[in-house]
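Structure at a glance
Given next are the chains, with one letter for each unit.
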Amino acid sequence: MRDVAVIGAGLTRFGERWEHGLRELIAEAGMQAIMDANIESKDIQIVYGSTMASGRFVGQEHLAALLADQMGFKNVPAVRVENACASGGSAVRQGYIAVASGMYDIAVIGGVEKMTDVTTAEATTALGGAGDQEWELAQGITFPGLYALIANRHMHEYKTTEEQMASVAVKNHRNAIKNKYAQFHKEITIDEVLKSKIVSDPLKVLDCSPISDGAAVIVLAPLESAKKYNDTPIKIAASAQASDTLALADRDSLTELKATRLAGRDAYAKARLKPTDINVAEVHDCFTIAEILAMEDLDFYGKGKAAKAIEDGETEINGKISINTSGGLKGCGHPVGATGVKQIAEIVTQLRGEAGERQVAGAEVGLTHNVGGSGATAVVHILNRVN
Amino acid sequence: MERASASLWRRINERYNLVGNKCENCGRIYFPKRIVCRQCGRKTKMTETKLSGNGKVYAVTKIRVPAQAFKDSAPYTVAVVELEEGPRVEGHVVDAGNGEVKIGTKVHSVFRKMHADGEEGLIYYHFKFEPV
Ligand SMILES: [Zn+2]
């Protein structure tokens, strides 16, 4: 195994992109990524394409070959990776394995989702497929419904409040204002979150990440040759992943995502780092309660301690640990298949020191955390600056 | 969520009668049924077992923005119910009257209509829960 670095990243603006289809989105992000990596199309040896439900959203399967072709990478091997909302992170991990193994030198990972061509009810149904179709979706238990059950139990066990959950959304919207790729550029208040329409008690519209279009692309290379392409390659110090039951009811605990816990601890061990070494992290805040769980399950806070810390501002940019500087899924948007790749792009931007107004001072080590479904998949990457 | 009727029929015993299974090797009871015991792997020895349907609410929510097939029944209350035999199951909670369904509320299973594929389509039935 050899060390792997991210040498390029590209994003589209997230949000309702009615003027662009799936293929234009990926081409836009792909072009940026290869310019950023300072490589030619012919240098690309393999492509991993991630999308959760392009078949449901736009009727298009066989995505990886389409993405590779649209990005201008002729005839390269291309593989689609689908792991629900963790498709992007899982695809990054496959690219990492391909380069680390020595089988390929330059790998491109492109994540995309085009979600706004369908109605909210159709999108809700498509996303419901991330849970257990036979025992959750078939009973009309939606995705927000699953996280609402988690929130209900977390409030019961740890006295977590709706205000504390709302503070996650407020923070992430505030961060998104400083990100030109973000879906939302509007500050919101705790009161607005609490008064927004209830989706599934206790979660309101403003506790939920939005339906979004968007794409994200990164380029990986062996660390030993990365400087050839890029002055500030960012090393992938660890790549870890775990799975769990699809159905929420089958898990021992509803208030801990065990897959996150296991992937996180594996990643810290592989990188030989502790949670306190992380300066900046993009965690999977598909719902506000999910960010609270992530902060606990990634060992940044003890169980039941994260909600108050977030409310107290400890996870603001340049706080004790800077969380979701991009705006997260909540503020930046959540084009499902793109999200896990975008998280890597944001950490790369931070570690290069190129995040402008949202820059975390002296950021050396970053982490990404991407969850599929209600926690049946978790992927954690740790990245660091190479000095 | 229109599905082929075979996917309905093959689960009827579970969905109508709350039949799960038990691993005779370790004693663990599963609902829904599994072929392979999560603890025993190749030593799994499963037999069917009918569950009492008695349990208590472990977590609960009221879904107000429904999935497509449930747009006429929203809002509906959904819970994770811990059955007295051990397994937890997800299901609707109905007929709560004005009483609040909350964590700890005792429930038992009932047989109810779940939804229909349009006015003349297949009607789906399922166990649901009702406060005791
Ligand atoms: Zn067993």
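Because the structure is predicted, anything quoted here is derived from the model rather than measured. (Residues numbered from 1 in each chain as written. Chains lettered and ligands numbered in written order. Predicted model: local features only at pLDDT ≥ 70, side-chain atom pairs only at ≥ 80, totals over all residues. Heavy atoms only, no water.)

Along its length, chain A carries 14 helices and 12 strands. In terms of principal-axis extent, the alpha carbons of chain A reach across some 55 × 45 × 40 Å. Within chain A, the fraction of its 387 residues that count as buried is 65%. Sequence separation of 24 or more characterises 77% of the internal contacts of chain A that already satisfy a separation of 6 or more. (Helix = DSSP H or I, 4+ residues; strand = E, 2+ residues; numbered from the N terminus. Buried < 20%, exposed > 50% of the residue type's maximum accessible area, 1.4 Å probe, protein only. Contact = heavy atoms within 4.5 Å.)

All names here are of chain B. Taken domain by domain, chain B comprises domain 1 (5–13 + 53–131) and domain 2 (19–51). Centre-to-centre separation of domain 1 and domain 2, based on C-alpha positions: 23 Å. A combined buried area of about 600 Å² lies between domain 1 and domain 2, and 64% of that area is made up of carbon and sulfur atoms. When the buried surface of domain 1 facing domain 2 is broken down by residue, Asn13, Glu85 and Pro87 rank first, second and third, together holding 65% of it. At the junction of domain 1 with domain 2, the criterion picks out 0 salt bridges. Remark: the boundary between domain 1 and domain 2 carries 2 residue pairs in polar contact (both at pLDDT 80 or more). Its residues assigned to classes, the side of domain 1 that touches domain 2 comprises 4 nonpolar, 2 polar and 2 charged. (Domains from an automatic or database assignment. Buried area = accessible area lost by both parts, 1.4 Å probe. Salt bridge = Lys/Arg side-chain N within 4 Å of Asp/Glu carboxyl O. Polar contact = N/O pair within 3.5 Å; in protein donor to acceptor, adjacent residues only side chain to side chain. Nonpolar A, V, L, I, M, F, W, Y, C, P; charged D, E, K, R; others polar.)

All names here are of chain B. Coordination sphere of the zinc ion, protein contribution only: Cys23 (SG), Cys26 (SG), Cys37 (SG) and Cys40 (SG), at 2.2 to 2.3 Å. Here the zinc ion is ringed by 4 donor atoms whose angles at the metal span 105 to 115 degrees, and the overall shape comes out tetrahedral. One chain supplies every donor to the zinc ion, and in sequence these donors are spaced C-x2-C-x10-C-x2-C. By relative accessible area, cysteine 23 is classed as buried at 0%. (Donors = N, O, S within 2.8 Å, 3.2 Å for Na, K, Ca; no water. Tetrahedral: all angles 85-135°; square planar, octahedral: opposite > 155°, others 65-115°.)

Residues and elements named next belong to chain A. Examined at the domain level, chain A breaks down into domain 1 (4–119 + 211–226) and domain 2 (130–209 + 237–385). Relative to domain 2, the C-alpha centre of domain 1 lies at a distance of 22 Å. On the domain 2 side, the residues contacting the 39 residues of domain 1 number 34 residues. Between domain 1 and domain 2, roughly 2,700 Å² of surface is buried when both sides are summed, and carbon and sulfur atoms account for 65% of that area. When the buried surface of domain 1 facing domain 2 is broken down by residue, Phe14, Cys85 and Arg93 rank first, second and third, together holding 27% of it. In this assembly, domain 1 and domain 2 are joined by 1 salt bridge. With a shortest N-O distance of 3.0 Å, arginine 352 and aspartate 36 are connected by a salt bridge. Scanning the region where domain 1 abuts domain 2 turns up 12 residue pairs in polar contact (both at pLDDT 80 or more). Listing elements by their share of the side of domain 1 that touches domain 2, those giving two or more residues are strand 1 (4–11), helix 1 (22–37), helix 4 (87–100), strand 4 (107–114) and strand 7 (213–222). With 7 residues, helix 4 is the single largest residue contributor to the side of domain 1 that touches domain 2. Among the residues forming the side of domain 1 that touches domain 2, the class breakdown is 19 nonpolar, 14 polar and 6 charged.

Once that is clear, we can look at the interface of chain A and chain B. Across the boundary between the two partners, chain A contributes 38 residues, which contact 36 residues of chain B. A buried area of about 3,200 Å², summed over both sides, lies between chain A and chain B, and 53% of it is on carbon and sulfur atoms. In this assembly, chain A and chain B are joined by 3 salt bridges. Put simply, Arg34(B) and Asp250(A) hold a salt bridge, and the shortest N to O gap is 3.2 Å. Applying the counting criterion to the chain A and chain B interface returns 20 residue pairs in polar contact (both at pLDDT 80 or more). Taken together, the elements giving at least two residues each to the side of chain A that touches chain B come down to helix 5 (120–128), helix 6 (143–158) and strand 5 (198–200) of chain A. Considering every element that reaches the side of chain A that touches chain B, the biggest residue donor is helix 6 of chain A, with 8 residues. Tallied by class, residues from the side of chain A that touches chain B come to 14 nonpolar, 12 polar and 12 charged.

Next up on the list: the pattern of salt bridges. Residue and element names in this part refer to chain A. With the rule as written, the count across this model stands at 37 salt bridges over all chains. In this structure, lysine 195 engages aspartate 191 in a salt bridge whose closest nitrogen and oxygen atoms are separated by 2.9 Å. Of the two residues, lysine 195 and aspartate 191 are both situated in helix 8 (residues 190–195); the distance of 4 residues between them amounts to about one turn of the helix. Exposure remark for lysine 195: the relative accessible area of 65% places this residue in the exposed category. For aspartate 191, a relative accessible area of 40% corresponds to the partly exposed category. Lysine 342 is paired through a salt bridge with glutamate 282; the nearest N and O atoms lie 3.6 Å apart. Here glutamate 282 lies in strand 9 (residues 280–282) and lysine 342 lies in helix 14 (residues 336–352), a separation of 60 residues in the sequence. You'll find lysine 342 and glutamate 282 in the same group, each marked buried. Members of the salt-bridge network, linked through shared partners, are Glu256, Arg261, Arg265, Glu296, Asp297, Asp299 and Lys303.

Residues and elements named next belong to chain A. Interaxial distance between helix 1 and helix 3 (residues 63–70) falls to 9 Å at its minimum, and their mutual angle equals 55 degrees. For the element pair helix 1 / helix 3, the angle class is oblique. Relative to helix 3, the crossing made by helix 1 is right-handed. Contacts between helix 1 and helix 3 pair Leu22, Arg23, Ile26 and Ala27 from the former with Leu63, Leu66, Leu67 and Gln70 from the latter. When the residues that make up the contact of helix 1 with helix 3 are grouped by side-chain class, the tally is 6 nonpolar, 1 polar and 1 charged. (Axes fitted to C-alpha atoms, helices over the stretch in contact; angles between N-to-C directions. Parallel < 35°, antiparallel > 145°, perpendicular 65-115°, else oblique. Left-handed = near helix turned anticlockwise from the far one by under 90°.)

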